[in-house]
Amino acid sequence: MAFPLTNLSCMPAQAYAGKECVCQLRKGICDQSCVRDMLETPFYIACLKLKGRRCLVVGGGDIGLEKVEGLLACDADVTLIAPVAHPELESLAAERSIEWEKRAYAGAADLEGVFMVIAATDDSEVNIGVYDDAEQRAMLVNVVDVPPLCNFILPAIVRTGPLAIAISTAGASPALAKRMKREISELFGEEYARLAVVLNDARGWAKGTLPTYQDRKEFFEGIVNGDPDPVALIRGGRETELLALIEAAKERAAAALSTN
């Protein structure tokens, strides 16, 4: 069955005061009490390793495309369930970057062997069904733009090389998170990513030489917070001086150990 492209562009069901309730509370008319509860919820912030893990996206519109691309960027094994899909999702399926099951969500059986599921449909009952099925399996589940139908939320991400900075407003204002993302990306640029790579090269030496966590902590903090500023050295094209600074720090740390 063919669907007009306009259907693919619909935003997922959203909770707004005065509109029809779209969450599991089924209040009839939304009073946003569920959203207020989210603002009072402390979130445990973590970075997930998705490489090789099966992740499911339900919904093939613009938002589904955004979520699929985010998962692929982290090397996830992505399956899409949707009767129709955005042309770019069709292309990803054709090149075998994702698996596309051309049908509607069929229930809990679709979650077998899945690590994470993201629902990006404009059908409230489908979204609620995905959430309920995932919760029964103690799975990670996110329903886009419906905070109470999520046991994890997706922050805005500033990603530069190995650095990833997450910005979350607990679902209160994605627009504010996007503004913060722009400003943070300007503040923490390529020089910070390069410093992370250089410091990572010293981790092997530190783990093999410095016996305690406190010793290693002091070693790296002395470099990062020291004088001259390592970020300023990279920014000024003086990376040779940074490497010399690290070697000097190694010598001092080794000498301190030999005297203890």
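Details of the structure are given in the entry above.
Enquirer: Describe in detail the overall build of the protein chain, supporting the description with residues and values.
Expert: Along the protein chain, the regular secondary structure elements total 11 helices and seven strands. For the protein chain, with 260 residues in total, the buried portion stands at 38%. In the structure as shown, the protein chain presents an accessible area of about 15000 Å², 53% of it carried by carbon and sulfur atoms.

Enquirer: Can you tell me about the sheet that holds strand β2 (residues 77-81), naming the residues and giving the values?
Expert: Ordered by their spatial adjacency, five strands build an open sheet running β3-β2-β1-β4-β5, and the pairing between neighbours is parallel. The open sheet is flanked by β3 (99-101) and β5 (140-143), the only strands paired with a single partner. Averaged over all adjacent pairs, the angle separating strand axes in this sheet is 15°, with direction ignored. Across the sheet, helix α3 (residues 62-73) is in contact with β1 (54-58), β2 and β4 (116-119); its angle to β1 comes to roughly 170°.

Enquirer: Report on the nonpolar core, specifying residues and quantitative values.
Expert: Residues Val68, Leu71, Val78, Leu80, Leu89, Ile98 and Met116 are the most contacted members of the largest nonpolar core, which totals 22 residues. No other element matches α3, which puts four residues into this core. Once residues lying within four places of it in the same chain are set aside, the contact partners of Leu71 are Leu50, Cys55, Val57, Ala76, Val78, Met116 and Ile118.

Enquirer: Give a description of the pairing of strand β7 (residues 163-167) that names residues and reports values.
Expert: Two faces make up the sheet, and in a regular strand the side chains alternate between them. When strand β6 (residues 156-160) meets β7, the two strands line up antiparallel, connected through five bridges. Bridging across to β7, Thr160 finds its partner in Leu163. The turn joining β6 and β7, which pair antiparallel and follow one another in sequence, is formed by two residues; a positive phi near 55° is taken by Gly161.

Enquirer: Lay out the packing of α3 against helix α4 (residues 87-94) with the relevant residues and their values.
Expert: Where α3 meets α4, the closest approach of the two axes is 9 Å, and the angle between their N-to-C directions is 40°. Viewed along their axes, α3 and α4 form a crossing whose handedness is left-handed. For the pair α3 and α4, the contacting residues are Gly64, Leu65, Val68, Glu69 and Leu72 in the first and Glu88, Leu89 and Leu92 in the second. A per-class count over the contact of α3 with α4 returns five nonpolar, one polar and two charged.

Enquirer: Mind laying out helix α7 (residues 190-201), listing which residues take part and the relevant values?
Expert: With 12 residues, α7 ought to run about 16 Å at 1.5 Å a step, and its terminal C-alpha atoms sit 17 Å apart, in line with that. Elements that come into contact with the buried residues of α7 comprise β6, β7, α8 (203-209), α9 (213-224), α10 (230-235) and α11 (239-259).

Enquirer: Go over the pattern of salt bridges, please, and point to the residues and values.
Expert: Applying the stated criterion across every chain, the model contains 10 salt bridges. The partner of Asp110 in a salt bridge is Arg103, and the shortest N-O contact between them spans 2.6 Å. The class for Asp110 is buried, based on a relative accessible area of 9%. The exposure class of Arg103 is partly exposed, given its relative accessible area of 28%. With a closest N to O distance of 3.4 Å, Glu112 and Arg137 form a salt bridge.

Enquirer: Give me the lowdown on the pairing of β1, citing residues and values where you can.
Expert: For β1, the tally of buried residues reaches four of five residues, placing the bulk of the element in the interior. Pairing geometry for β1 and β2, over five bridges, is parallel. Among the inter-strand pairings, Arg54 is bridged to a residue of β2, identified as Asp77. With four bridges joining them, β1 and β4 adopt parallel strand pairing. If you follow Leu56 over to β4, its bridge partner there is Val117.

Enquirer: Requested: an account of the packing of aromatic side chains, with residues and values cited.
Expert: Under the criterion given, the structure shown has three aromatic pairs. With centroids separated by 5.2 Å and ring planes inclined at 40°, the aromatic side chains of Trp205 and Phe219 adopt a geometry described as tilted. Here Trp205 is found in helix α8, whereas its partner Phe219 is found in helix α9, with 14 residues between them in sequence. Centroid distance Phe219 to Phe220: 4.9 Å. Interplanar angle 75°. Geometry classified as edge-to-face.

Enquirer: Mind laying out the side chain of Asp110, listing which residues take part and the relevant values?
Expert: Residue placement: Asp110 occurs in the loop between β3 and β4. Among the polar contacts listed, one links the side chain of Asp110 to the backbone nitrogen of Ala106, at a separation of 2.7 Å. Not counting residues within four places of it along the chain, the set of residues in contact with Asp110 comprises Arg54, Leu56, Ile81, Arg103, Ala104 and Tyr105.

Rules used throughout
- Residues numbered from 1 in each chain as written.
- Predicted model: local features only at pLDDT ≥ 70, side-chain atom pairs only at ≥ 80, totals over all residues.
- Heavy atoms only, no water.
- Helix = DSSP H or I, 4+ residues; strand = E, 2+ residues; numbered from the N terminus.
- Buried < 20%, exposed > 50% of the residue type's maximum accessible area, 1.4 Å probe, protein only.
- Areas by Shrake-Rupley, 256 points an atom, 1.4 Å probe, with all protein chains shown as cover.
- Pairing = 2+ DSSP bridges.
- Axes fitted to C-alpha atoms, helices over the stretch in contact; angles between N-to-C directions.
- Contact = heavy atoms within 4.5 Å.
- Core = buried A, V, L, I, M, F, W, Y, C linked by side-chain atoms within 4.5 Å.
- Left-handed = near helix turned anticlockwise from the far one by under 90°.
- Nonpolar A, V, L, I, M, F, W, Y, C, P; charged D, E, K, R; others polar.
- Expected span 1.5 Å × (residues − 1).
- Salt bridge = Lys/Arg side-chain N within 4 Å of Asp/Glu carboxyl O.
- Phe/Tyr/Trp six-rings, centres within 6.5 Å; stacked < 30°, edge-to-face > 60°.
- Polar contact = N/O pair within 3.5 Å; in protein donor to acceptor, adjacent residues only side chain to side chain.

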